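# Structure assessment
So you can see what is in the structure, the chains are spelled out below.
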Amino acid sequence: MKTFTHKQVAAHSTIQSCHVILHGKVYDVTTFLHEHPGGASIILREAGTDATEAFSAYHPKDLIEKVLPPSICIGTLDPKSVPVPRASASAAVGKKEAKKGDKPGLGAILNAFDFEAIARYTMKPEAWAYYSSAAEDEITLRENHTAFQRIYLKPRVLVNVSNINTSTTFLGCKTSLPVYLSACALGKLGNPEGEVVLTRAAGSRGVIQMMPMLARRKDQDSWFQLYWNGDLEMMKRLFKKVELAGCKGLFVTVDTPHVCFSGNEKKDMRIKYQNDLSDVQKKNYRNRNARSMLNWKDIEWIATVTSLPIVLKGVQTGADAVLAAKLGCVRGLVLSNHGGRQLDTSRSGIEILPEVVADLKKAGYSGRLELYVDGGIRRGSDIFKAIALGAKGVGIGRPSLYAMSTYGQEGVEKLLDILKEELEMVMGLMGVTSLSEVTEEMVDIRNLSSHSTLIRDFLHEGVYEPMETPLFKSKL
């Protein structure tokens with residue numbers, strides 16, 4: 001097999017002749033460019049270079065051998081050859097790169113927002129855009145956190161709070177904190193090890209991780225997030241694997257009846273399209289979509305082929321909560337808008353929670369389902385408010401990704417420690433020593449549904465990055 005130098009590979013960096021290096025091998029992917037599900041431009045950005053890091057963030061190492069003919073592998077890379085320098089993509093990228101060496105020590109991190117602030121300047125632009133972006137104008141993304149600020153606390157005094165316990169159970173499994181780590185795709189964008197970093201951190205702190213893949217450790221409890229594909233036999237095989245892996249819950253994603261593969265997440269789309277070759281390619285890439293056929297009958301069918309507790313992730317109204325309870329086979333609900341990634345201007349999970357509790361009670365299903373909330377949780381007080389309004393626990397998504405991307409496992413552990421310390425402080429000031437003592441009388445939600453917040457949150461505003469308008473092409 002022929003041996004190539006970096007310089008030889010770099011000579012093939014066009015749409016007419018496109019070579020890339022992956023794990024020490026050289027591939028001629030010219031004929032595959034327009035067959036790539038993500039569009040040709042994604043490959044062309046790495047044309048003529050070592051694309052191993054970019055490839056590994058999205059795909060398993062053996063994917064090419066599984067889906068493409070052996071003939072596209074045309075040789076190996078000379079390990080002694082010197083990489084060809086690449087020009088910086090933009091001035092903005094250079095600015096972010098300049099800050100990488102100034103990253104504060106982990107001891108300087110005081111709250112969940114700090115991880116996000118540091119991630120903004122240390123992550124690769126593509127990774128930051130994917131993790132931080134949301135649908136359309138990102139109103140729901142911002143509302144998810146802002147909604148918690150419209151809930152006010154009513155502290156009690158002269159209560160012995162010398163011994164505070166934050167532990168509880170989720171679906172019968174013990175957890176040290178009423179928090180789980182939400183399932184997140186493309187963990188390797190932020191850390192070379194990917195989701196396993198979250199797994200280790202969750203295990204070390206005694207919390208549950210919802211996983212998008214089977215990466216469970218035998219000594220800890222975990223849940224599996226399911227995306228329905230309609231192939232019943234494939235689903236049966238998957239459920240069997242999930243059961244054998246020892247997962248304790250099956251979380252069925254129900255809020256993605258329409259998914260754009262490029263996303264309706266505009267910041268993510270913007271950075272993907274900056275270097276596209278043509279408007280035709282952009283149009284074809286953007287319009288690639290999938291529509292799910294998942295419905296209530298499928299949920300009933302799932303219950304007949306698995307013994308796992310079923311939880312519906314993405315319920316957003318009291319009416320649907322009642323329908324889920326009526327099925328009799330659903331153990332819980334996650335009140336979620338998919339982190340603001342799906343339908344912009346949909347309500348936050350915390351605003352939906354009182355409606356769901358009230359509707360379930362009215363229909364005679366009070367206490368039938370375990371309720372969870374995700375989206376916007378950044379403080380221990382946010383966790384307390386969710387518990388007070390009837391949630392069993394909350395899911396943490398983006399903060400754990402930012403912590404993982406900036407400081408690895410230690411970062412995620414620090415994040416969980418911060419949330420635990422904040423929750424303990426709030427519980428003490430509220431006059432409770434266990435989560436079972438937290439009630440709805442402890443919070444004032446009269447302003448929750450007003451969608452009007454008069455007090456500015458400078459910390460939240462400081463880490464939020466609005467989407468930029470299209471860049472003009474340089475004439476140089």
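The structure we're discussing is the one just above.
For the structure given in this document, a descriptive report is provided here. Quick caveat: nothing in here was measured; it's all calculated off a predicted structure. (Residues numbered from 1 in each chain as written. Predicted model: local features only at pLDDT ≥ 70, side-chain atom pairs only at ≥ 80, totals over all residues. Heavy atoms only, no water.)

## Details of the pattern of salt bridges
Applied cut-off: One speaks of a salt bridge when a side-chain nitrogen belonging to Lys or Arg is within 4 Å of a carboxyl oxygen belonging to Asp or Glu. Helix and strand labels come from DSSP, where a helix needs a run of H or I of at least four residues and a strand needs a run of E of at least two; each type is numbered from the N terminus. Categorising residues by exposure relies on relative accessible area from a 1.4 Å probe, with only protein chains included: less than 20% of the type maximum marks a residue as buried, more than 50% marks it as exposed, and the intermediate range marks it as partly exposed.
A complete count under the given rule lists twelve salt bridges for this structure. The salt bridge involving Arg120 is made with Glu465; its shortest N-O contact spans 3.9 Å. Within this pair, whereas Arg120 is found in helix α6 (residues 112-122), its partner Glu465 is found in the segment after α18 (458-463), the two being separated by 345 residues in sequence. In this structure Arg120 comes out as buried when scored by relative accessible area, which is 16%.

## Quick notes on the sheet that holds strand β17 (residues 393-396)
Inclusion rule: Two strands qualify as a pair provided DSSP detects at least 2 bridges between them. A fitted line through C-alpha atoms represents every axis, and for helices the fit uses only the stretch in contact; the resulting angles, taken between N-to-C directions, go from 0 to 180 degrees. Any two residues having at least one pair of non-hydrogen atoms within 4.5 Å are treated as being in contact.
With parallel pairing, the eight strands of this closed barrel are ordered in space as β8-β9-β10-β11-β14-β15-β16-β17. Here the average twist between neighbouring strands, direction ignored, is 30°. Sheet topology places strand β10 (residues 222-226) next to strand β11 (residues 250-253); three bridges connect them, and they run parallel. Residue Phe224 lies in a different strand from β11, and its bridge partner there is Leu250. Along the sheet, helix α9 (residues 196-205) makes contact with β8 (179-181) and β9 (208-211), crossing β9 at roughly 160°.

## With respect to the nonpolar core
This is how it is decided: Nonpolar cores were defined as sets of buried Ala, Val, Leu, Ile, Met, Phe, Trp, Tyr and Cys residues, with membership established by side-chain atoms within 4.5 Å.
In this structure, Ile302, Leu312, Leu333, Leu360 and Phe384 are the most contacted members of the largest nonpolar core, which totals 85 residues. Considering each element in turn, this core owes the most residues, 14 residues, to helix α17 (residues 398-430). Phe384 has contacts with Leu153, Leu423, Val426, Met427, Met430, Val432, Val438 and Met442, leaving out every residue within four places of it along the chain.

## Comments concerning helix α8 (residues 139-146)
With respect to burial, α8 is a largely interior element, six of its eight residues being buried. The set of residues buried in α8 consists of Thr140, Leu141, Glu143, Asn144, His145 and Thr146.

## Some details on the packing of aromatic side chains
Where we set the bar: Any two rings among Phe, Tyr and Trp, with Trp reduced to its six-membered ring, count as a pair given centres within 6.5 Å; such a pair is stacked if its planes are under 30 degrees apart, edge-to-face if over 60, and tilted if neither.
In total, this model carries twelve aromatic pairs according to the counting rule given. Judged by centre distance (6.4 Å) and plane angle (85°), the rings of Phe170 and Tyr180 are edge-to-face. One end of the pair, Phe170, is in strand β6 (residues 168-170); the other, Tyr180, is in strand β8, with ten residues separating them in the sequence. According to the relative accessible area criterion, Phe170 is buried, its value standing at 0%. Ring geometry for Trp223 and Tyr372: centres 5.7 Å apart, planes at 65°, overall edge-to-face.

## Describing the pairing of β17
Threshold: A right-handed crossover is one whose linking path, passing over the helix from the first strand to the second, runs clockwise when the strands point away from the viewer.
Side chains Gly393 and Gly395 project from β17 onto one buried face, and the interleaved Val394 and Ile396 project onto a second face that is buried too. Here β8 runs beside β17; their pairing, made up of three bridges, is parallel. What sits directly across from Tyr180, in β17, is Gly395. As paired strands, strand β16 (residues 370-374) and β17 are joined by three bridges and run parallel to one another. Across the sheet, the residue bridging to Asp374 is Gly395, located in β17. Assessed by its sense of winding, the connection that carries the chain from β16 through helix α16 (residues 380-388) to β17 is right-handed.

## Some points on unusual backbone geometry
Even without a glycine there, the phi angle at Glu136 is positive, about 50°. According to the relative accessible area criterion, Glu136 is partly exposed, its value standing at 37%.

## Considering α16
Counted residue by residue, α16 has nine buried out of nine residues, so it is predominantly covered. Restricting attention to buried positions, one finds in α16 the residues Gly380, Ser381, Asp382, Ile383, Phe384, Lys385, Ala386, Ile387 and Ala388. Phi turns positive, to about 115°, at Gly390, one or two residues after α16.

## Concerning the side chain of Thr166
This is how the line gets drawn: Side-chain atoms alone can form a polar contact between residues adjacent in sequence; in general such a contact is a pair of N or O atoms within 3.5 Å, and within protein one must be able to donate a hydrogen while the other accepts it.
By the element assignment, Thr166 lies in the loop between β5 (152-153) and β6. Using a relative accessible area of 1% as the deciding quantity, one classes Thr166 as buried. Separated by 2.8 Å, the side chain of Thr166 and the backbone oxygen of Ser176 make a polar contact. With residues up to four places along the chain from it excluded, the contact list for Thr166 reads Ser176, Leu177, Pro178, Lys420, Leu423, Glu424, Met427 and Leu435.

## Overview of the environment of Gly107
With respect to the element layout, Gly107 can be found in the loop between α5 (91-99) and α6. With a relative accessible area of 66%, Gly107 lands in the exposed category. In this structure the C-alpha to C-alpha distance between Gly107 and Lys414, which are 307 residues apart in sequence, comes to 9.1 Å.

## Examining the pairing of strand β4 (residues 73-77)
Side-chain direction in a regular strand flips from residue to residue, so the side chains alternate between the two faces of the sheet. By the bridge criterion, three bridges tie strand β1 (residues 2-4) to β4 in an arrangement that is parallel. Note that in β4 the partner of Thr3 across the bridge is Thr76. Sheet topology note: the strand β3 (residues 25-28)/β4 ladder contains three bridges and is antiparallel. Note on β4: the bridge partner recorded for Val26 is Gly75.

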